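An overview of the molecular structure
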Amino acid sequence: MTIARYLAQKYNLTGSSEFEAAKCDEYVDALSDLRDEMKKVRQETDEARKAELTKDLLEIHFPKVFGSFEKIKKENPSPFMVGKNLTWTDIVAAHSFQYYEDTADSNFLSSYPHLKKLKETVYGIPQIKTWIETRPVNPR
């Protein structure tokens, strides 16, 4: 995330104040922590333990983080997570949501309508939409 944080600062995607920049960091760090939990699942070789970790991921970690994010997004009248403008948090979140849909639970956003709308908003930005449509295929 260091490079992403640097680029966010360079291209003014850290919010309009130091407080918003701190909120961006907080939310991206929470997504990084969640990705660490997913990494544990992917790296586990014992199938019984992997099933336990997957269950915890879907029943404990996802609801904790995404429930909190859903509330935050619902309370912000703008289309974005932090402030009134697009931040790197929105981009990281939209990408993370897509990743979780692709790798963990293709339906998880159905429980979080404000996060689903955030992802649609970010993926609807013309430059991002064009990139997604034309980028090289990256097999997982």
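See above for the structure.
Given the structure is predicted, the values throughout are model-derived calculations rather than measurements.

A tally of helices and strands in the chain yields 6 helices and 0 strands. Order of helices (α) and strands (β) in the chain, N terminus to C terminus: α-α-α-α-α-α. Scaling as 2.2 N^0.38, a compact globule of 140 residues should have a C-alpha radius of gyration of about 14 Å, and the chain matches this with 16 Å. Classification of the 140 residues of the chain by burial places 34% in the buried group. A separation threshold of at least 6 residues defines the contact pool for the chain, and within that pool the share at least 24 residues apart is 68%. By element, 53% of the accessible surface of the chain is carried by carbon and sulfur atoms, the whole surface being about 8,900 Å². Within the chain, one finds 21 positive and 22 negative side-chain charges whose respective centroids are separated by 4 Å.

This part covers helix H3 (residues 47–75). Because the α-helix completes a turn every 3.6 residues, residues three or four places apart line up on one side. The first and last C-alpha atoms of H3 sit 40 Å apart over 29 residues, in line with the 42 Å expected at 1.5 Å per residue. Along H3, the sharpest change in direction is near 40° and occurs at Phe-62; proline Pro-63 comes one to four residues later. For H3, the full list of buried residues reads Leu-53, Leu-57, Phe-62, Val-65, Phe-66, Phe-69, Glu-70 and Lys-73. The elements touched by buried residues of H3 are helix H2 (18–43), helix H4 (88–103) and helix H5 (113–123). Two or three places before Ala-48, at the start of H3, stands the capping residue Asp-46, its side-chain oxygen 3.3 Å from that residue's backbone nitrogen.

A separate point is the packing of aromatic side chains. Under the criterion given, the structure shown has 12 aromatic pairs. Relative to Phe-108, the ring of Phe-66 has its centre 4.8 Å away and its plane inclined at 35°; by these criteria the two rings are tilted. Of this pair, Phe-66 sits in helix H3 while Phe-108 sits in the loop between H4 and H5, placing them 42 residues apart in sequence. Each of the two residues, Phe-66 as well as Phe-108, counts as buried. With a centroid separation of 6.3 Å and 70° between ring planes, the pair formed by Tyr-100 and Phe-108 is classed as edge-to-face. You'll find Tyr-100 and Phe-108 in the same group, each marked buried. Sitting over the face of the ring of Tyr-99, Arg-35 holds its NZ or CZ atom 4.5 Å from the ring centroid.

What follows covers the pattern of salt bridges. Within this structure, the stated rule accounts for 8 salt bridges. Put simply, Lys-40 and Glu-37 hold a salt bridge, and the shortest N to O gap is 3.2 Å. Linking Lys-40 with Glu-37, this pair stays in helix H2, spanning 3 residues, or about one helical turn. With its nearest N and O atoms 2.6 Å apart, the salt bridge here joins Glu-101 to Lys-119. With Glu-101 in helix H4 and Lys-119 in helix H5, this pair connects stretches of sequence that are 18 residues apart. Taken together, the shared-partner salt bridges in this structure form one network comprising Arg-5, Asp-25 and Asp-29.

Here is what the cut-offs are and how they apply
Residues numbered from 1 in each chain as written. Predicted model: local features only at pLDDT ≥ 70, side-chain atom pairs only at ≥ 80, totals over all residues. Heavy atoms only, no water. Helix = DSSP H or I, 4+ residues; strand = E, 2+ residues; numbered from the N terminus. Rg over C-alpha atoms; globule rule 2.2 N^0.38 Å. Buried < 20%, exposed > 50% of the residue type's maximum accessible area, 1.4 Å probe, protein only. Contact = heavy atoms within 4.5 Å. Areas by Shrake-Rupley, 256 points an atom, 1.4 Å probe, with all protein chains shown as cover. Lys, Arg positive; Asp, Glu negative; His and termini not counted. Charge placed at Lys NZ, Arg CZ, Asp CG, Glu CD. Expected span 1.5 Å × (residues − 1). Bend = angle between axes of the 7 residues up to and from the residue. Polar contact = N/O pair within 3.5 Å; in protein donor to acceptor, adjacent residues only side chain to side chain. Phe/Tyr/Trp six-rings, centres within 6.5 Å; stacked < 30°, edge-to-face > 60°. Lys NZ or Arg CZ within 6 Å of the ring centre and 35° of its normal. Salt bridge = Lys/Arg side-chain N within 4 Å of Asp/Glu carboxyl O.

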